[in-house]
Structure formats: structure tokens, C-alpha cells
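Here are the chains, one letter per residue:
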Amino acid sequence: MKAVILAAGYATRLYPLTKNTPKALLPINRKPIIDYIMEQIETIADIDEVYVISNHKFASNFEKWAADSRFSKPVSVIDDGTVSEETRLGAIGDIQFAIDKKGIDSDMVVIAGDNLFTFSLKKYYEFFKAIQTDCVCVKPFGDMEMLKQFGVAEIDENGVLIDVEEKPQEPKSNLAVYATYMYRRETIPLFKTYIAEGNKPDAPGYFVEWLCKRKQMHAFMFEEECYDIGTPQSLEHVSKIFEAKRM
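Residues numbered from 1 in each chain as written. Predicted model: local features only at pLDDT ≥ 70, side-chain atom pairs only at ≥ 80, totals over all residues. Heavy atoms only, no water.

Visitor: When you look at the overall build of the protein chain in this model, what are you seeing that I'm missing?
Guide: Helices and strands together make up the secondary structure of the protein chain, namely seven helices and 13 strands. Computed over C-alpha atoms, the radius of gyration of the protein chain comes to 17 Å, within 12% of the 18 Å expected from 2.2 N^0.38 for 247 residues, which places it in the range of a compact globule. Across the 247 residues in the protein chain, those meeting the buried criterion constitute 53%. Long-range pairs, those at least 24 residues apart, make up 75% of the contacts in the protein chain with a sequence separation of at least 6. (Helix = DSSP H or I, 4+ residues; strand = E, 2+ residues; numbered from the N terminus. Rg over C-alpha atoms; globule rule 2.2 N^0.38 Å. Buried < 20%, exposed > 50% of the residue type's maximum accessible area, 1.4 Å probe, protein only. Contact = heavy atoms within 4.5 Å.)

Shown next as C-alpha cells:
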């Protein structure tokens, strides 16, 4: 299994913090966000390589981080060659770029580099292996107004994904989809099909929205936390939570 960490965004909403530092390398309780993701990846024995997708502006930052890190999994930084918001490939475009660049032909977990989660990635993986379908992870969300900023899933009584809608104006359920996806080997070529059809290459949830209408997928339900670090306020909020846990 390969792990792909999406970290090619420019995080302009976090300026000036991300002027010279990529969002995934911002510290939470003195540790970069990406380290928390890597610690979860380390718990899955079947993951044999980790690919971090960066834009050209921050590729050297990630190269230095990878060189200084002491994780057991080999980490490669993929420079997608883009230099601005206007030229970026989008998350789905970056996934396809990584598939092409590294010849990915195996199961794959895709994780957004700004998602700080406390659920067990290992338990999610065990669910994925047992259920034998592509999977998304979901959590009931109480704030229906805030839910409009997420992908929203509809599932049946067996946890099969019926539909996903990215940032709906009228959410059809209270299940928020978080940006950690597990795909089976046979699904990997469908990223190229999706892009070739002219679909949106940006938010990774758009691919799930398309895919769940073409093959069976399941939702992994979790109760723990998953924080989306999108603004200086959210960064400060999450930092305080993690500092309090440390004390």
C-alpha cells in the first residue's frame, strides 16, 4: 500500500504564516502537522512508501523535513511544478500526477496534509481490508450551517455510500466526509478516467462523489476528532487543545 499526503496548496487564508512555510509544516504543540499524520501512517505495516505532493514553491521545505525526519517508512517528495494558485493542479490533479510519476499500482491511502485527526488510521485500514471496497471516513456533525463547508455523505443501513455531495447548500444528512480516503488497487486507473472526462480536478471529495455512482464504497464511522486547519483562528484553537493535552 502507498500513502499519498496532499500538501501542494498555497494556504492563502493563513497568510502571513504560510508566506514562507507550507501549511503541513506549521507547528501544533511544537510538532509540524504532517508529523501527526506520519505517526498514524507508521502504525500500518502494509504501507511501504509515503509520497508527499508539494508545489514547486515549497518542495525544498518538504525535502528538508523529510531529510531531518526519523520515520521508519521511506518518504519521497513529489514536486508538481506549480508556482501559484492560478497554476495549481488541484488535489485530484495532484493525485494523478503522483500515480503517473511513481507508477502507483497498489492499494492507496490519500490524506490531506492539513487534516489533524485523532481517530486510529490502523482501525480504518483494518475496516478497509475487511470490507474489500474503497472507503471514506465520516463523522456525524451537529452544526448544519458549518456542514455546508464539507463533503456530506448519505449511507444505507449497511454503511454503503449512496451519495456524496461536496459543499451542499442543503445537506441531505449530518455525516461529514473527512479528507482521508482508502482506494483499492483496481480503482487507481479511474483517476485518469475522471480527469479525462473533464471533471473538477480540485477538492478530493469530487472524485468520491463521482466514484460512488460507479462502484460500491463504504463509510468508516469514527467518533474522535478531525480538525481542518484553514485559518489562523483554527490553527490557534487546535494548538491550544493539543497544548492542554500535553499538560
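Visitor: What's the story with the pairing of strand β9 (residues 151-155) in this structure? I'm lost.
Guide: Remember that side chains alternate between the two faces of the sheet whenever the strand is regular. Where β9 lies against strand β10 (residues 161-166), five bridges are found, and the strand directions are antiparallel. The residue bridging alanine 153 from the neighbouring strand is valine 164, located in β10. Hairpin connection from β9 to β10: five residues lie between these consecutive antiparallel strands, with glycine 159 at a positive phi of about 80°. Where β9 lies against strand β11 (residues 175-183), three bridges are found, and the strand directions are antiparallel. Bridge pairing links glycine 151 to valine 177 in β11. (Pairing = 2+ DSSP bridges.)

Visitor: Can you walk me through the environment of glutamine 216 in this structure?
Guide: Among the structural elements, glutamine 216 can be located in the loop between α6 (205-211) and β12 (217-221). Along the sequence, glutamine 216 and threonine 133 sit 83 residues apart, while their C-alpha atoms lie 6.6 Å from each other. Each residue touching glutamine 216, except ones within four places of it in the same chain, is listed here: Thr133, Asp134 and Val160.

Visitor: Help me understand helix α2 (residues 59-68), please; the structure alone is not making it clear to me.
Guide: In an α-helix, one turn spans 3.6 residues; hence positions three or four apart end up facing the same way. Residues Ala59, Phe62 and Trp65 constitute the buried set of α2. Across the axial projection of α2, the buried residues extend over an arc of 125°, all falling on one side. Counted as exposed and oriented over 90 degrees from the buried face of α2: Ser60, Lys64 and Ala67. Against β1 (2-7), β3 (31-32), α1 (33-41), β4 (49-54) and β5 (75-79) lie the buried residues of α2. (Arc of directions from axis to C-beta.)

Visitor: It is not clear to me how the pattern of salt bridges should be interpreted in this structure. Could you clarify?
Guide: Side-chain pairs of opposite charge can arise where the charged atoms are in close proximity. Counting across every chain of the model gives 14 salt bridges. Between glutamate 49 and lysine 2 there is a salt bridge, with the nearest N and O atoms lying 2.8 Å from each other. With a gap of 47 residues between them, glutamate 49 in strand β4 and lysine 2 in strand β1 connect regions that are remote in the sequence. Classification of glutamate 49 by relative accessible area gives partly exposed; the value is 26%. What makes lysine 2 buried here is its relative accessible area of 13%. Between lysine 23 and aspartate 114 there is a salt bridge, with its nearest N and O atoms 2.8 Å apart. Taken together, the positions of lysine 23 in the loop between β1 and β2 (27-28) and aspartate 114 in the loop between β6 (108-112) and β7 (115-117) put the pair 91 residues apart, joining distant regions of the chain. Through salt bridges with shared partners, a single ionic network connects Lys2, Asp48 and Glu49. (Salt bridge = Lys/Arg side-chain N within 4 Å of Asp/Glu carboxyl O.)

Visitor: I tried to follow the nonpolar core on my own but got confused; where do I start?
Guide: One recurring pattern in soluble globular proteins is that nonpolar side chains are buried together. Ile41, Phe62, Leu121 and Met182 are the most contacted members of the largest nonpolar core, which totals 38 residues. Only β1, α1, β4, α2, β6, α4 (121-131), β8 (134-140) and β11 provide two or more residues apiece to this core. In contact with leucine 121, not counting residues within four places along its chain, are Gln40, Ile41, Ile44, Ile111, Thr180 and Met182. Membership of the second largest hydrophobic core comes to 36 residues, among which are Ile78, Ile92, Val136 and Val138. (Core = buried A, V, L, I, M, F, W, Y, C linked by side-chain atoms within 4.5 Å.)

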